[in-house]
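The lines below spell out each chain.
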Amino acid sequence: MFTSLFLCALSLGVVRPLDPSSDAFVRSVQSRIDALSKSTGAAVSVASLTSSTKGRPISIIKLGESPAQAPPAAVLIVAGADARHRTGVEVALGLCEAVVRTNPPWLKSRTVYVVPCLNPDAFAVAGPITDSGRLPLPDDADHDRRIAEDPADDLDNDGFILSMRIKNPAPSTGLTATLVEDPDEPRLLRPADPAKGERPVYAILPEGSDNDGDGKFNEDGRGGSAGGGLDLDMNFPAHWPQFKDGSGTRPLQSPESLALAQWCLANHQLAAVIVFGRHDTLVSIPESGKMDPSGQFPLGIENDDKALYEAISTSFKDITGISECPKVDAAGSFSSWAYSTLGIPTFATPVWVRPDLVKEDKRFKPPAPTPPPAPTPIAEIPNPPDDAPKPGEPKKDDKPKRKDPKNDDQKWLRYFDDLPAGSPPGFVPWKPFHHPQLGELEIGGFVPLARTNAPQTQVSYLVEQQAAFLADLLDRLPALEARAFLSRSGTGIWKLSARITNTGSMPTRAAIAAKADRVLPLIATISVEPASLIAGRKRQTVDRLAVGGTAATFEPEWTFRAAEGATISISITDPVAGNLTLSVTLADSTQEAAR
Amino acid sequence: MKLSSLAAAIISASSLGTSASAQSDVPSKVPLEFNRYHTLAEIDTALQNIAAAYPDICRVEVIGKSLQGREMRVLVVSNSKAGPDSAKPAMWIDGGIHANEIQAAEAVLYTAWYLTKHHGHTPAVSKLIDERAFYLLPVVNPDSRDAWFTGPSTPNNFRSNLRPVDNDRDGLTDEDGPDDLDGDGSITQMWKQDPSGRWERDKDDARVFRRVPSDKPPGGWTNLGEEGIDNDGDGQINEDGPGGDDMNRNWPAGWLPNYVQFGAGPFPLSHPETKAVADFIEPRTNIAAAQSYHNAGGMILRGPGAAFREWAYPETDVRVYDALAKVGEKVLPYYKSMVIHKDLYTVHGGFVNWTAETLGIFSFTNELWTPQKYYQRDGANLGEADQWLWRDRLAFGQLFTGYKEFNHPKHGKVLIGGLNKWSSRSTPTFLLEEECHRNFAFTMYHADQMPSVYFRRLSVKEPTPGGFEIALEIANKGLIPTRSEHARRNAIGRPDLLRVEPASGSVLLAGELDSWDDETPMLIDNQPGRCLVPGGVPGKGSGVLTRKFYIEGKPGTLAKVVFEADKARPIEITIELKPQDSTFSEPQ
């Protein structure tokens, strides 16, 4: 199944690249959303989720024709909570555009909502590029009664906040050397190992000055050690990391996070959530069965949801080939809240990881170059140059064999080194710089955002992967089948039961949902009035129907008094899996009705 | 040297005004009686009348609207001629977040009434209003207070607000609540004669039903629960009444969802009422104390609400709480100082947990009224006979609705009646004023212990010509520090700030002294003229703030020293650069 889905998805076509500059990026996102809202031919509509803190529109795109008879189960995709993750926004938008273009079969029976860019203000921040993706809010991040008075500074005016490495810092700087050059890769620093007799040589800081003259560097403001602002993925009320820089003064502090939460709470038909961002719950599924100190609030997932997560994880890994993702604390994240409080299976992914973390056969392969024109017959084959290797000799252009990278930084550096010529830089070599306060030092290091965003050339490929994953997930959503069984128990006394079965390959609700009780259970209601009921409540409920086995079936039963020939109905409602009605006419023979 | 404490500068004429004798009658421009309960409309009117009658010392601010659109009014009480309320340490006092706990709102209204009428008459009260600010919200849950007074209810309802909640998870909200079938304004009990019923009626007092022990024969009566019918025809009675959220579980301090904390609401501050209060309090960093009145049980409660949040109450803060509550236990007979999770029950997301744990405010919840006060004797457990004696002889039967027969659509002939909504939890009206006053008195003590700082010692030395060493000691008249230890540890709010500004020269170094005689100060940062004080000034009896500054300046010129704190009024002193030693007494 996966192969066919994947091949189907591969035909989605090429995604337009986004302008990399910040404000232009946000304008580009908006113009693509506007274009989607004007598209015809497929079931797509665009609505306002809310306005951002600074008044920018935040849209929610609906994909699907939503016919009345279709199960309501829907999937929500959220991207762009953190401006460090442009790839998520690009893939979310690309996915919508591809769906509009290709009109996949699921549009007729399923609904997908997409919030492609939750935090436009963060993406639109002007100035040098930093490793910060937060909503910019005035903040005294270092608690000195001054607001953002000492951010990082682009001292060398290259457009990036890089790093400063200071060799043997003088005591007057207040800095302490703790690092040495990595002997395997001198461009990198690592902690000195006293056991090996190493003497620390370097201190490292984000690029910048001590703007407020307090002896500290970049301690309050964007790009600094305490960046301030609001990290939307630390601001949801699930394990809210209160008092941590970026977590906010209260959960759901900003209109962005509040509107998303309120939308989710109001839409009971959500069967699953996909998040494109910093977190991963797909490749490494969250730990199951561990609770917070209250003993009831899961830190990861419920034990009974493990099988579901494992099944979806297997599918995701088959489709994307991703075998490992960076570990990011999920406290206060949207994905953590959506699972533990909303009670919805939530699948978070960074979408793109360093290629060595992707299985070889699933790695992005650039399109084969156009074959060169057939050679013109040449009258004379030239002699090889004098320096050409003789048979058996090593080629002279062979580079010396490189050591395998050992740690994450080394692997990133190797990745950037191996990018084709002309690619945007991922690492800037150290260059000497005379710092007005620290004296001679070097500026360089990893380029901000380069390690969280895919090269532009890969976005189309990533869209195809996520389209395939989405199609697979939609194929698994729960659906109901029901049958009724009638028998006469005596004169004017009847026994009616229903067998209601989940035919999907996901449960009607996650185990956490039964606990969270936000969404109504499956309810089976008989049309007989309570006064005529002998056994069985008029309304009978079940929290969830699992996948396969007896747990996938619910069998409510009623015994009641009624006249022969009367028509009795059983109304079955489920906000996620849909509604059914069974009708039986009371007659002597055993009857069966199915829907 | 000129000591120009701003505190000294703003002593108003009113605080020096006529001193009333302790028991003299001080009339209010807004006559109110506290031997009866006030409806929401009466409280609202009284609050506005007080603001209109005492415009120099109070004003009304509408902070938001309830779910049903009722305006929520905070009375700001502070002498504006002695400085804006925002520049003074302030106390938040509220009531009625649980609307059935009706005397809580009365205690807040009493506070407004008593404070305003005594200003200018009673020096201790005048001083409070001059030097402190009070933010009073009598009813946090106005919709439900109105419902309690105007509709049928019980001593326990309406606790929640009236946001419709689908309590029975049938897709409908609030569709089958109790019904006042006998029309007495209360929801009482339904009883049915039943040969196998496990209740019996007292032979001597037919008002009393008793459960029959399981090893005894049936008693002939079955309890059918609160009076009501099956409004939605689902075969059940009273399974989904009005509301369901508990606004005192909706605050962002250890908030947990409904499946852990019943009534939590969909997310922290999800209700218009709680959000309005939070939006008012959060930016007012001058709030240093909070009291949120509830009923019942005679408790002076502090957090944490859960054992695993003990970290938010470090030992130094607990000592302050204990010292305050100790006075509370004295002025409030039969009240006990308690910790919510240890002595009551676990609460996640409570209001005072939010003010204390998220905002660093020393906060209490008093649970007003205790049955021990029925007979003003020790021993909480009143026997059944004592309770009926109270109801019959002191309440003159007003707490009980006699049983009436009712033809119930489902159960047939039933009896309806029993203890009515006034029968428990609420303070009897003839004791209400005392209940309000004693709680008010404790809360004013709490307010009086908010930080009030002053320069206590000063020393200037000139070890080298033009090189001065200034040592300063700042003390606090209040038990409450300018920064709680919890606030310091978690960087809540802004640290205090001590600035030294010499008219000539500059501040070279600043140091922290362990004691006045410490000769080896610990240098504190790179901005010696602008010292941040994250730990603030300790409360009275817990230490002082001592700093030393090394100044290069022209002898005889002046240096200004200013201390600023979010939760204390600023103080400043102008010092002449010449050798000197001074000690200042605690200002009155």
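In this text, all values refer to a predicted model and were calculated from it rather than measured experimentally. Each chain carries its own residue numbering, running from 1 in the direction its sequence is written. Chain letters and ligand numbers both follow the written order, the letters beginning at A and the numbers at 1. Local features in this predicted model are restricted to residues of pLDDT 70 or higher, and side-chain atom pairs are both shown and tallied only at a pLDDT of 80 or more, whereas totals for entire chains, interfaces and linings draw on every residue.

Notes on the overall build of chain A
So, step 1. The secondary structure content of chain A amounts to 10 helices and 22 strands.
So, step 2. Exposure criterion: with C-beta atoms placed from backbone coordinates, a residue whose C-beta has 20 or more other C-beta atoms within 10 Å is buried, one with 12 or fewer is exposed, and one in between is partly exposed. Split into buried and exposed, the 595 residues of chain A put 45% on the buried side.
So, step 3. The contact criterion used is a C-beta to C-beta distance within 7 Å, with each C-beta placed from the backbone. Expressed as a percentage of contacts within chain A between residues at least 6 apart in sequence, the contacts between residues at least 24 apart total 71%. Per the convention used, a helix needs a DSSP run of H or I reaching at least four residues, while a strand needs a run of E reaching at least two, with both numbered from the N terminus.

A look at the overall build of chain B
So, step 1. Each helix and strand in chain B was counted, giving 12 helices and 25 strands.
So, step 2. Along the first, second and third principal axes, the C-alpha atoms of chain B reach 105 × 50 × 45 Å.
So, step 3. For chain B, the residues scored as buried account for 50% of the 588 residues in total.
So, step 4. Considering only intrachain contacts with a sequence separation of at least 6, the fraction spanning at least 24 residues in chain B is 74%.

Side note on the domain arrangement of chain A
So, step 1. By convention here, the domain bounds are inherited from an automatic or database domain assignment. If you check the domain split of chain A, you get domain 1 (2–126 + 230–354 + 453–476), domain 2 (138–228 + 386–450) and domain 3 (480–594).
So, step 2. A separation of 65 Å is found between the C-alpha centroids of domain 2 of chain A and domain 3 of chain A.

Side note on the interface of chain B and chain A
Buried accessible area, meaning the area lost when the parts come together, often serves as the stated size of an interface.
So, step 1. Across the boundary between the two partners, chain B contributes 30 residues, which contact 34 residues of chain A.
So, step 2. The residue makeup of the side of chain B that touches chain A, split by class, is 17 nonpolar, 7 polar and 6 charged. Three classes are used: nonpolar for Ala, Val, Leu, Ile, Met, Phe, Trp, Tyr, Cys and Pro, charged for Asp, Glu, Lys and Arg, and polar for all others, with Gly counted as polar.

Here's the deal with the packing of helix α6 (residues 306–320) of chain A against helix α9 (residues 459–476) of chain A
Residues and elements named next belong to chain A.
So, step 1. Look at α6 against α9: their axes get within 9 Å of each other, and the N-to-C directions meet at 150°. Viewed along their axes, α6 and α9 adopt a mutual orientation that is roughly antiparallel. Two packed elements cross with a definite hand, and for α6 against α9 that hand is right-handed. Counted together, Ile312, Ser315, Phe316, Ile319 and Thr320 of α6 and Gln465, Ala468, Phe469, Asp472 and Leu473 of α9 form the full contact between these two elements. Here, axes are lines fitted to C-alpha atoms. For helices the fit covers the stretch in contact, and angles between N-to-C directions go from 0 to 180 degrees. Any angle that is under 35 degrees is reported as roughly parallel, and any over 145 degrees as roughly antiparallel; angles of 65 to 115 degrees are reported as roughly perpendicular and all others as oblique. Here a crossing is taken to be left-handed if its near helix is turned anticlockwise relative to the far helix by less than a right angle, and right-handed if that turn runs clockwise.

Points about the packing of helix α7 (residues 315–331) of chain B against helix α11 (residues 429–448) of chain B
Residue and element names in this part refer to chain B.
So, step 1. Packing of α7 against α11 brings their axes to within 9 Å, and their N-to-C directions diverge by 160°. It follows from the interaxial angle that α7 and α11 lie roughly antiparallel. Judged by the sense of rotation from one axis to the other, the crossing of α7 with α11 is right-handed. Where α7 abuts α11, its residues Leu324, Val327, Gly328 and Val331 lie against Arg438, Ala441, Phe442, Tyr445 and His446.
So, step 2. Grouping the constituent residues of the contact of α7 with α11 by class yields 6 nonpolar, 2 polar and 1 charged.

Notes on the nonpolar core
All names here are of chain A.
So, step 1. Any set of buried Ala, Val, Leu, Ile, Met, Phe, Trp, Tyr and Cys residues joined through C-beta atoms within 7 Å is what this text calls a nonpolar core. Formed by 119 residues in total, the largest nonpolar core has its most connected members in Val75, Ile77, Val78, Ala92, Leu95 and Val114.
So, step 2. Ranked by the residues each element gives to this core, the list is headed by α9, at 11 residues.
So, step 3. Once you skip the residues sitting within four places of it in the chain, Val75 turns out to touch Val112, Ala271, Ala272, Ile274, Leu470, Leu473 and Leu474.

Describing the sheet that holds strand β15 (residues 522–526) of chain A
All names here are of chain A.
So, step 1. Two strands pair if DSSP finds at least two bridges between them. Strands sit in the order β17-β15-β20-β21 across an open sheet of 4 strands; the sheet is antiparallel. Two strands close off the open sheet at either side, each with one partner strand: β17 (539–542) and β21 (580–585). Across the sheet, the mean angle separating the axes of adjacent strands is 15° when strand polarity is ignored.

Points about the domain arrangement of chain B
So, step 1. When its domains are assigned, chain B resolves into domain 1 (55–148 + 246–369 + 428–448), domain 2 (173–243 + 382–424) and domain 3 (453–583).
So, step 2. Summarising the inter-unit geometry, the C-alpha centres of domain 2 of chain B and domain 3 of chain B are found 67 Å apart.

What about the pairing of strand β9 (residues 270–276) of chain A?
All names here are of chain A.
So, step 1. A large share of β9 lies buried, amounting to 7 of its 7 residues.
So, step 2. Here 6 bridges tie strand β3 (residues 74–79) to β9, and the two strands are oriented parallel to one another. The partner of Val75 across the bridge, within β9, is Ala272.
So, step 3. Alignment of β9 against strand β10 (residues 346–349), held across 4 bridges, turns out to be parallel.

Brief notes about the environment of Arg494 of chain B
So, step 1. Here Arg494 of chain B lies in the loop between α12 (485–489) and β18 (496–502).
So, step 2. Each C-alpha atom of the pair Arg494 of chain B and Asp166 of chain B lies 43 Å from the other, and the pair is 328 residues apart in sequence.
So, step 3. If we skip the residues at most four places from it in the chain, Arg494 of chain B touches Asp140, His143 and Arg145 of chain A together with Asp566 of chain B.

Description of helix α7 (residues 334–342) of chain A
Residues and elements named next belong to chain A.
So, step 1. Within α7, 9 of the 9 residues are buried, leaving the element largely enclosed by the surrounding structure.
So, step 2. All buried positions along α7 are accounted for by Phe334, Ser335, Ser336, Trp337, Ala338, Tyr339, Ser340, Thr341 and Leu342.
So, step 3. Those residues of α7 that are buried are in contact with β3, α5 (255–266), β9, β10 and α10 (511–516).
So, step 4. Positive backbone phi, approximately 85°, marks Gly343, located one or two places after α7.

With respect to unusual backbone geometry
Residue and element names in this part refer to chain B.
So, step 1. In this structure, Ala296 follows Asn295 across a cis peptide bond, with omega equal to 0°.
So, step 2. Structurally, Ala296 can be placed in the loop between β10 (287–295) and β11 (299–302).
So, step 3. In this structure, the amide linkage connecting Gly303 to the following residue, Pro304, adopts the cis form with an omega of 5°.
So, step 4. Summarising the element assignment, Pro304 is placed in the loop between β11 and α7.
So, step 5. The phi dihedral of Arg425 is positive, around 75°, even though this residue is not glycine.

Observations concerning the environment of Ala338 of chain A
All names here are of chain A.
So, step 1. On the secondary structure map, Ala338 appears in helix α7.
So, step 2. Distance in space between the C-alpha atoms of Ala338 and Phe236 is 9.1 Å, their sequence separation being 102 residues.
So, step 3. Setting aside residues no more than four positions away along its own chain, Ala338 makes contact with Cys264, Val273, Ile344 and Thr346.

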